[in-house]
Amino acid sequence: MRRNNTPYFIKRIFNALNRFYVKRFIAPQFDRLGEGLEVAHPRSLVIFGRNIFVGNYTQIIAAPDNYIRFTTWPGKRRSGEIHIGNYCLISPGVRISAAQSIHIGDNCMFAANVYISDSDWHGIYNRIRPFRCTKPVVLENNVWLGESVIVSKGVTIGANSVVGAGSVVTKDIPANSIAAGNPARVIKSINPDRRMLKRELLFKDADHYFYNQDQLDRYVLGKNSFWNWIRSVIKPNHYD
Ligand SMILES: CC(C)(COP(=O)(O)OP(=O)(O)OC[C@H]1O[C@@H](n2cnc3c(N)ncnc32)[C@H](O)[C@@H]1OP(=O)(O)O)[C@@H](O)C(=O)NCCC(=O)NCCS
């Protein structure tokens, strides 16, 4: 696709259907869900298990070819838990799997294909029984994980820290650090005194944010005609 031929009013219908789907089929699967959840391609968000808690204004961008999966497994004594804070951004292919507990703070951003788990799922000497070797994972506020980062069991990543693309985090990362590599090591520091724009700023006036998103759609798609859109679906050409 070279351009989006969808007419503005069709996009609004799709958005309304999307919101309906999220409310009817996605929201009930969480144990707690704040306001303002946005899910792109909600049928590509797969939730398995209980004790999944999501805060306000979380954006989940699933894709039909790259599902997002939140999984908690029931243990002998209690189920795994996933807590996601407010204003988080979750990209296609992210998988969060908890056998014990994974706590994610506010304003966190996960790029595509991030994998976070608090368990090795099997023991080194006992490979037939599942859910061995679990340790809680904590991501403090405003952590940014780059593309395809893996966060292993028992790790705490401090507030504001960034983990470089493709890194494997096996040990704690202090706050205000940039870490990268396999295993991830601190390569730089972030100046905590510098003003940082966090995702929560987007939703300071949430109505205004959603209005702006709608105006952007109107600006980009407003001139698209219905019949040209139908034609582009049935018989696409070089310009579609
Ligand atoms: C971590 C990151 C932010 C650092 O950017 P930066 O501050 O410009 O870092 P630099 O390019 O100056 O690199 C500093 C050093 O770290 C190394 N490094 C940077 N990113 C690395 C990574 N992902 N893995 C391993 N080493 C890395 C560099 O090779 C360099 O090493 P050197 O000092 O030996 O030359 C960036 O490299 C990154 O990975 N961003 C993630 C982008 C992403 O996934 N975006 C998805 C959309 S949300």
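In case you missed it, the structure is sitting above this.
The rules behind the values
- Residues numbered from 1 in each chain as written.
- Predicted model: local features only at pLDDT ≥ 70, side-chain atom pairs only at ≥ 80, totals over all residues.
- Heavy atoms only, no water.
- Helix = DSSP H or I, 4+ residues; strand = E, 2+ residues; numbered from the N terminus.
- Buried < 20%, exposed > 50% of the residue type's maximum accessible area, 1.4 Å probe, protein only.
- Contact = heavy atoms within 4.5 Å.
- Core = buried A, V, L, I, M, F, W, Y, C linked by side-chain atoms within 4.5 Å.
- Near = heavy atom within 4 Å.
- Polar contact = N/O pair within 3.5 Å; in protein donor to acceptor, adjacent residues only side chain to side chain.
- Areas by Shrake-Rupley, 256 points an atom, 1.4 Å probe, with all protein chains shown as cover.
- Phe/Tyr/Trp six-rings, centres within 6.5 Å; stacked < 30°, edge-to-face > 60°.
- Salt bridge = Lys/Arg side-chain N within 4 Å of Asp/Glu carboxyl O.

Undergrad: Could you give an account of the environment of Ile60, naming the residues involved and the relevant values?
TA: Along the chain, the position of Ile60 falls in strand β5 (residues 59–61). By relative accessible area, Ile60 is classed as buried at 1%. As a C-alpha pair, Ile60 and Leu89 span 29 residues in sequence and 6.1 Å in three-dimensional space. Ignoring any residue separated from it by four or fewer positions in sequence, one finds Ile60 in contact with Leu37, Glu38, Val39, Ala40, Leu45, Ile68, Phe70 and Ile90.

Undergrad: Lay out the nonpolar core with the relevant residues and their values.
TA: Counting 39 residues, the largest nonpolar core has Phe70, Phe110, Ile116 and Leu145 as its most contacted members. Of all the elements in the fold, those that place two or more residues in this core are α1 (8–26), β3 (45–48), β4 (52–54), β6 (68–72), β7 (81–84), β9 (95–98), β10 (101–104) and β13 (137–139). Apart from the residues within four sequence positions on either side, Phe70 is in contact with Phe30, Leu45, Val46, Ile47, Phe48, Ile52, Ile60, Ile82, Ile84, Ile90 and Ile96. One finds Tyr87, Phe203, Ala206 and Tyr209 within the second-largest nonpolar core, a separate group that totals five residues.

Undergrad: So what's going on with the site of the ligand? Which residues, and what values?
TA: Around the ligand, the neighbouring residues are Ala111, Trp144, Gly146, Glu147, Gly164, Ala165, Ile178, Ala180, Gly181, Ile187 and Lys188. A distance of 2.8 Å is found between a nitrogen atom of the ligand and a backbone nitrogen or oxygen belonging to Ala165. Within the complex, 42% of the 920 Å² of free accessible area of the ligand lies under protein. Among the elements of the structure, β19 (177–180) and β20 (185–189) are those that each provide at least two residues to the shell around the ligand.

Undergrad: Quick one: what's the story with the packing of aromatic side chains, residue by residue and with numbers?
TA: When we look at a pair of aromatic rings, we describe it by the centre distance and by the angle of the planes. Tallied over the full model, the rule gives 13 aromatic pairs. Aromatic side chains Phe48 and Trp73 sit 5.1 Å apart centroid to centroid with 45° between the ring planes, which places their arrangement in the tilted category. Placement of Phe48 in strand β3 and of Trp73 in the loop between β6 and β7 is noted, with a sequence separation of 25 residues between them. Judged by its relative accessible area of 43%, Phe48 falls in the partly exposed class. Ring geometry for Phe226 and Trp229: centres 5.9 Å apart, planes at 50°, overall tilted.

Undergrad: Run through the pattern of salt bridges, naming residues and quoting values.
TA: Pairing between side chains becomes possible if they bear opposite charge and their charged atoms approach one another. Counting across every chain of the model gives four salt bridges. Put simply, Arg12 and Asp214 hold a salt bridge, and the shortest N to O gap is 3.4 Å. Pair noted here: Arg12 is in helix α1 and Asp214 is in helix α2 (residues 206–221), with a separation of 202 residues, a long-range link. Taking the relative accessible area as the measure of exposure, Arg12 reaches 44% and is therefore partly exposed. Assessed through its relative accessible area of 19%, Asp214 is described here as buried. Of the charged contacts, one joins Arg231 and Asp240 as a salt bridge, the two residues approaching to 2.7 Å between their closest N and O atoms. Residue class for Arg231 comes out partly exposed when judged on its relative accessible area of 27%. A relative accessible area of 11% means that Asp240 is categorised as buried.

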